[in-house]
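Results of the structural survey
In case you want the letters, here they are:
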Amino acid sequence: MDKFVIEGGRRLSGKLSVSGAKNGSLALMPASLLAPGFYHLYNTPNLNDIWTMSRLISSMGVNCDFEGSTLTIDSREITSFEAPYEHVKKMRASFYVLGPLVSRFGKARVSLPGGCAWGPRPVDLHLKGLEKLGAEINIEGGYVNAQAKKLIGANFHFDISSVGATGNVLMAATLAKGTTLLTNAAIEPEITALEEMLVKMGAKINGVGTTTLEIEGVDELFPVDETTIPDRIEAATYLIAAAMTKGEITLENIIPAHLPVVFSKLGETGCQLQVYKDSVYLKMDDLPKPVDLVTSVYPGIPTDIQAQWTAYMMLADGVSKVTDTIYHDRFMHIPELLRLGADINVIENAAIIQGGKKLTGAVVMSSDLRASASLILAALVAEGESEILRIYHIDRGYENIEDKLNAIGASVKRVKTDLI
Ligand code: UD1
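Rules behind the numbers
- Residues numbered from 1 in each chain as written.
- Predicted model: local features only at pLDDT ≥ 70, side-chain atom pairs only at ≥ 80, totals over all residues.
- Heavy atoms only, no water.
- Helix = DSSP H or I, 4+ residues; strand = E, 2+ residues; numbered from the N terminus.
- Buried < 20%, exposed > 50% of the residue type's maximum accessible area, 1.4 Å probe, protein only.
- Domains from an automatic or database assignment.
- Contact = heavy atoms within 4.5 Å.
- Buried area = accessible area lost by both parts, 1.4 Å probe.
- Salt bridge = Lys/Arg side-chain N within 4 Å of Asp/Glu carboxyl O.
- Polar contact = N/O pair within 3.5 Å; in protein donor to acceptor, adjacent residues only side chain to side chain.
- Pairing = 2+ DSSP bridges.
- Right-handed = clockwise from strand over helix to strand, strands pointing away.
- Axes fitted to C-alpha atoms, helices over the stretch in contact; angles between N-to-C directions.
- Near = heavy atom within 4 Å.
- Areas by Shrake-Rupley, 256 points an atom, 1.4 Å probe, with all protein chains shown as cover.

1. A look at unusual backbone geometry
Cis geometry is found at the peptide bond from Tyr-298 to Pro-299, where omega equals 10 degrees. By the secondary structure assignment, Pro-299 is in the loop between strand S18 (293–295) and helix H10 (306–313). Positive phi outside glycine occurs at Lys-246, with the angle close to 50 degrees. With respect to the secondary-structure elements, Lys-246 resides in the loop between helix H8 (232–244) and strand S15 (248–252). Of note, the phi angle at Asn-253 is positive, near 60 degrees, even though the residue is not glycine. One can find Asn-253 in the loop between S15 and helix H9 (260–268). Taking relative accessible area as the criterion, Asn-253 reaches 29% and is therefore assigned partly exposed.

Following this line, the structure appears as structure tokens:
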């Protein structure tokens, strides 16, 4: 197993290119199950989660071939309609295959994902939506068995805005008979990008990018080439990293329209920002002002930067509150941040951070992807050396993170360890 050894106290300065969005590619790849043929997905990040999805769809007969950041998918032959536990337990996004499989082939057997490190993450909305389209669903032995002769268009309202459920039900609806109306659909950029790909494939979708989607089912779809959008969470993480070290950074290959709330929050803390067409420059000269954060659905602050913001606020001169309204228990990083010297209390779904405490290097453990990012950020500013264990979590979602950080002045070493 690998760990990171990080020498804190270095100012970050320089230019980085943001990779393709993990959550973007993870939504596009299963869409290839909807129509047989060759797909080229450009700007696909080389990440463990992408490999997990590749292995999963390969186990169904699809051929996945990576060259640089181009993923070529050959879905001409699908030989299995099952997503086994061994893949789904590693990554919940595996559940995305359910909608396309039941819609196109009339059957699917997909393992239930179970909980995640920070608590329950239900899939009831995915299942209710598919049932509304006529899928017969039963759960047995930890698996969802879904079948339908032909899905039939219907109206479905998402009681909670859900990225995954929207993607799943939307993909299913593209090949259903008749019209489907989805309301309170997620409008995260990764879902809008999926809608755009589906439209290119021949799907008839009205309301792309909005919370109301009207999908008129078609008999067949066609393979296409698509480019994954840049990773807005990776971008936000590097901006916070630069700000924490009183550094400066130019981030290239971003879509600024996906990040306005992040820019504005960073501005409130005292960062100077210049936003260009597809890049942003950030400079920070001081310690941050304490700024509260409340996560919400897009276009609000993503829950996926909650942990990183908490690390940032450890440097502020004053008290700040970081509230997560999406995942109420997503605070596994806090006990580890405390080991570095932070003063943080979790009350219900909020972290109360008393900033300005002296941070010193320590051995800490990653519990999930974004928690790992927050530990890395904290280690970049802690005095002395920190070790971050279980970095397989970070490898799920940040492409070449140590190379990228080292290129702008950090000291992050990947080292083999027996510690787990
Ligand atoms: C996606 C992202 C993840 C991000 C999350 C929220 C991917 C691969 N992952 O996860 O990085 O943190 O969006 O932006 O894109 N919910 C239900 N029932 C359901 C589904 C969801 O109650 O059937 C709830 C969840 O518990 C959560 C909220 O809805 O409170 C939003 O979750 P959702 O948008 O579905 O997250 P994911 O798609 O799993």
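2. Overview of the domain arrangement of the protein chain
The parts lose accessible area when they come together, and the size of an interface is often stated as this lost area. Entries for the protein chain in the domain assignment read domain 1 (2–19 + 230–416) and domain 2 (22–227). On a C-alpha basis, the centres of domain 1 and domain 2 stand 30 Å from each other. Counting residues at the interface gives 24 residues for domain 1 and 19 residues for domain 2. Across the domain 1/domain 2 interface, buried area totals approximately 1800 Å², and carbon plus sulfur atoms make up 52% of it. Counting every contact that joins domain 1 to domain 2 gives two salt bridges. Among the salt bridges present, the one from Glu-190 reaches Arg-232, with a minimum N-O distance of 2.9 Å. Between domain 1 and domain 2 we count seven residue pairs in polar contact (both at pLDDT 80 or more) in total.

3. Thoughts on the pairing of strand S20 (residues 343–347)
For S20 and strand S21 (residues 350–354), the ladder comprises five bridges, and the chain directions are antiparallel. Looking at the pairing, Ile-347 lines up with Ala-350 of S21. Linking S20 to S21, which pair antiparallel, is a turn of two residues; within it Glu-348 sits at a positive phi near 50 degrees.

4. With respect to the pairing of strand S23 (residues 385–389)
Burial of S23 is extensive: four of the five residues sit out of reach of the surface. Relative to S23, strand S1 (residues 2–7) runs antiparallel, the two being bridged by four bridges. Note that in S23 the partner of Glu-7 across the bridge is Glu-385. Sheet topology note: the strand S22 (residues 363–365)/S23 ladder contains three bridges and is parallel. Looking at the pairing, Met-365 lines up with Leu-389 of S23. In terms of handedness, the path from S22 via helix H12 (residues 369–381) over to S23 forms a crossover that is right-handed.

5. Let's talk about the side chain of Ser-374
Take Ser-374: it is sitting in helix H12. For Ser-374, a relative accessible area of 0% translates into the label buried. In this structure, Ser-374 is in contact with Ala-307, Gln-308, Ala-311, His-333 and Leu-337, ignoring residues within four places of it in sequence.

6. Let's talk about the sheet that holds strand S4 (residues 63–67)
Strands sit in the order S4-S5-S3-S14 across an open sheet of four strands; the sheet is mixed. Strand pairing shows two members of the sheet lacking a second neighbour, S4 and strand S14 (225–227), which therefore form its edges. Along the sheet, successive strands turn relative to each other by an average axial angle of 15 degrees, direction set aside. For strand S3 (residues 38–42) and strand S5 (residues 70–74), the ladder comprises four bridges, and the chain directions are antiparallel. Paired with Leu-41 across the two strands is Leu-71, which belongs to S5. Helix-sheet contacts for helix H1 (residues 22–31) involve S3, S5 and S14, and the interaxial angle to S3 is about 175 degrees. Strand contacts of helix H2 (residues 48–58): S4 and S5, with the helix running at about 150 degrees to S4, the strand carrying the most contacts.

7. Notes on the pattern of salt bridges
Scanning all chains against the criterion turns up 19 salt bridges. One salt bridge in this structure joins Lys-358 and Glu-383, with 2.6 Å as the shortest N-O distance. Of this pair, Lys-358 sits in the loop between S21 and S22 while Glu-383 sits in the loop between H12 and S23, placing them 25 residues apart in sequence. A network of salt bridges, in which partner residues are shared, links Asp-2, Asp-395, Glu-402, Arg-414 and Lys-416.

8. Concerning the site of the ligand
The full set close to the ligand counts 18 residues, and Asp-124, Ser-162, Val-163, Asp-304 and Ile-326 are the nearest of them. Here an oxygen atom of the ligand sits 3.3 Å away from a polar atom, N or O, in the main chain of Pro-122. A distance of 2.9 Å separates an oxygen atom of the ligand from a polar side-chain atom of Tyr-327. Coverage of the ligand by the protein chains reaches 85% of its 730 Å² of free accessible surface.

9. Quick look at the sheet that holds strand S11 (residues 179–183)
Strand order in the open sheet formed by four strands is S10-S11-S13-S12, with mixed pairing between adjacent strands. Unpaired on one side and paired on the other, strand S10 (155–157) and strand S12 (204–206) mark the two borders of the sheet. Ignoring which end each strand starts from, the neighbouring axes of this sheet average 15 degrees apart. Bridge count between S11 and strand S13 (residues 213–216): four bridges; the pairing is antiparallel. Bridge assignment links Thr-179 to a residue of S13, and that residue is Glu-216.

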